[in-house]
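Residue-level structure breakdown
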Amino acid sequence: MKTNSYATSSATTPLAPFSLERRVPGEHDVQIEILFCGVCHSDVHTVRNEWQGTTYPCVPGHEIVGRVTKVGAKVQKFKTGDIAGVGCLVDSCRTCGSCEEHLEQFCENGAIFTYNSPDKHSGGVTYGGYSESIVVDEAFVLRVPENLDLAGTAPLLCAGITTYSPLRHHGVTRGQKVGIVGLGGLGHMGVKLAKAMGARVVVFTTSQSKVEDALRLGADEVVLSKDESAMKEHLNSFHFILDTVGAKHDINAYLVLLRRDGNLTQVGVASEPLEVDVTNLIFGRRNFSGSLIGGLKETQEMLDFCGLHQITSDIELIPIQQVNEAYDRLVKGDVKYRFVIDMASLKPTA
Ligand code: NAP
Ligand code: ZN
Ligand code: ZN
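The sections below set out a description of the structure shown in this document. Since the structure is predicted, the reported quantities are computational estimates derived from the model, not experimental observations.

Within the protein, the atoms that donate to the zinc ion (ligand 2) are Cys40 (SG), His62 (NE2) and Cys158 (SG), at distances of 2.0 to 2.3 Å. Site description for the zinc ion (ligand 2): donor spacing in sequence, C-x21-H-x95-C. With cysteine 40 in the loop between strand S3 (29-39) and helix H1 (41-47) and histidine 62 in the loop between H1 and strand S4 (64-71), the pair connects residues that are 22 residues apart, well separated along the chain. Histidine 62 shares its class with cysteine 40; the two are buried.

Looking now at the packing of helix H4 (residues 159-169) against helix H5 (residues 185-196). Where H4 contacts H5, the two axes come as close as 8 Å, and the packing angle between them is 50 degrees. By the angle between their directions, the pair H4 and H5 is classed as oblique. Here H4 and H5 pass one another in a crossing that is right-handed. Two secondary-structure elements touch here, H4 through Ala159, Gly160, Thr162, Thr163, Tyr164 and Leu167 and H5 through Gly185, Leu186, Met189, Gly190, Leu193 and Ala194. Partitioned by chemical class, the residues of the contact of H4 with H5 number seven nonpolar, five polar and no charged.

Our next topic: H5. Along its twelve residues, H5 runs 17 Å from first to last C-alpha, staying within 8% of the 16 Å computed at 1.5 Å per residue. Of all twelve residues making up H5, ten are buried, and the element is well covered by its neighbours. Buried residues of H5: Gly185, Leu186, Gly187, His188, Met189, Gly190, Val191, Lys192, Leu193 and Ala194, and no others. Residues of H5 that are buried in the fold lie against H4, strand S10 (177-181), strand S11 (200-205), helix H10 (296-309) and strand S17 (338-342). Backbone geometry just downstream of H5 places glycine 198 in the positive-phi region, at approximately 95 degrees.

Together, Leu103, Phe106 and Leu292 line one region of the surface with nonpolar side chains, adding up to about 230 Å² of accessible area. Inspection of the secondary structure assignment puts phenylalanine 106 in the loop between helix H2 (97-100) and strand S7 (112-113).

Another point: the coordination of the zinc ion (ligand 3). Binding of the zinc ion (ligand 3) to the protein goes through Cys93 (SG), Cys96 (SG), Cys99 (SG) and Cys107 (SG), at separations of 2.3 to 2.4 Å. Taken together, the four donor atoms surrounding the zinc ion (ligand 3) define angles of 102 to 120 degrees at the centre, an arrangement classified as tetrahedral. Counting residues between consecutive donors of the zinc ion (ligand 3) along the chain gives the motif C-x2-C-x2-C-x7-C. When its relative accessible area of 6% is taken as the criterion, cysteine 99 is described as buried.

Procedures and definitions
Along each chain, numbering runs from 1 in the same order as the chain's sequence is written. As they are written, the chains are lettered A onward and the ligands numbered 1 onward, keeping that order. Where local features are concerned, this predicted model is filtered to residues with pLDDT of at least 70; where side-chain atom pairs are given and counted, the filter is 80 or more; whole-chain, interface and lining totals use all residues. Hydrogens and water are ignored here; the side-chain numbers use all heavy atoms of the structure. Water is not part of the atom set, so a site may look incomplete; the donors themselves are N, O and S atoms within 2.8 Å of the metal, or 3.2 Å for Na, K and Ca. Under the DSSP-based scheme used, a helix requires at least four consecutive residues in state H or I and a strand at least two consecutive residues in state E, with every element numbered from the N terminus. Throughout this description, buried means an accessible area under 20% of the type-specific maximum (1.4 Å probe, protein chains only), exposed means over 50%, and partly exposed covers the range between. Axis definition: a line fit to C-alpha positions, over the contact stretch in the case of helices; interaxial angles, taken between N-to-C directions, run 0 to 180 degrees. Between 65 and 115 degrees an angle is taken as roughly perpendicular, under 35 as roughly parallel, over 145 as roughly antiparallel, and anywhere else as oblique. It is the rotation of the near helix from the far one that decides the hand of a crossing: anticlockwise by less than a right angle makes it left-handed, clockwise makes it right-handed. By definition, residues are in contact when any of their heavy atoms lie within 4.5 Å. Residue polarity is assigned by list, with Asp, Glu, Lys and Arg as charged and Ala, Val, Leu, Ile, Met, Phe, Trp, Tyr, Cys and Pro as nonpolar; anything else, Gly included, falls into the polar class. How far a helix is expected to stretch is found by multiplying one less than its residue total by 1.5 Å. For patch detection, residues must exceed 30% relative accessible area and be free of salt bridges, and they are connected within 9 Å for like charges or within 5 Å for nonpolar side chains (Val, Leu, Ile, Met, Phe, Trp, Tyr). Where accessible areas are quoted, they stem from the Shrake-Rupley method and a 1.4 Å probe; at the residue level, only the protein chains shown are allowed to cover. Definition used for salt bridges: Asp or Glu carboxyl oxygen within 4 Å of a side-chain nitrogen of Lys or Arg. A site with four donors is called tetrahedral when every donor-metal-donor angle falls between 85 and 135 degrees; four donors are called square planar, and six octahedral, when opposite donors sit more than 155 degrees apart and all other angles fall between 65 and 115; any other arrangement is irregular.

By themselves these figures say nothing about function.
Below you can see the structure in the form of structure tokens.
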């Protein structure tokens, strides 16, 4: 089926209209008319080939919310008309140890990401959510809580799960002191989720202009990371710090803020290595780790948690024709706090 989308044809060309083929739904497939798709910084990294390995044309987008328009004969969880979500994953082997433990993102035979992954159906690569529709196996489709705003729900499918999963994995609970580094798409979700888990949340930002917003979003305290004396006040005090910065920055400035046995988890992906002074780990037995999105089961748990706590993303809704401008603003840190594409703008009549 011919499907309108936006794609880039090289690392240096802007996103532009592109017609792609979606498969006819198989018996386990769900066909979804995409209503909203969030713009993740990973889309920018991939489109501009900052991590290498991008296949062109590239259709990004992995924060998808839409309406089910068709289901295969064996689909059980969804029916036509349902609202559904698709995140960063569309398939995996389902039999390896990681898949069996509901950690499909670490599939030992290669997770299939929503875009720029090998597509066994087409023989090419997967195409993401900057498009009118998508066809996905129901095992990789999420149920969306009925009480949440749909445009604000789209970013939960990546920014939400990427922050929820490490907070849960490292056992963040009521009363703990949690730091969030970088107040962008991931960071602002991290603040809301850590707060809902009962933590005392401190935001570290490079942007003076985000201080008031951080407090409105639920932070108990905000530190401008360039202010050395403000940083010093937090030495040896954090149980957990989540670093969402996707550029080269001084990680040691945060490691020393961890208390004994504390953990700093890196989710922002810089294209250059970050230098770690190991003495900061050795003294205090501190931990430095990473985390990649989350599996399907945990993504559903996160969506249900957000439904319960009325958590959505703070968004700026844009027509798809403004997506290149949004990328430039994202790179400058000028985002409050997630761009979401209104996919109605992609309709031929728009
Ligand atoms: P974003 O909306 O652009 O937010 C990143 C924030 O980091 C910025 O708003 C800014 O916050 C801060 N920042 C940016 N450049 C900085 C620099 N040079 N030094 C210090 N701070 C800087 O991006 P995002 O969508 O949240 O994604 C963040 C990163 O996570 C990206 O690298 C993305 O690829 C990655 N990611 C990883 C996963 C995963 O599974 N691990 C999943 C999704 C995304 P302030 O203005 O507050 O300083
Ligand atoms: Zn993402
Ligand atoms: Zn697997």
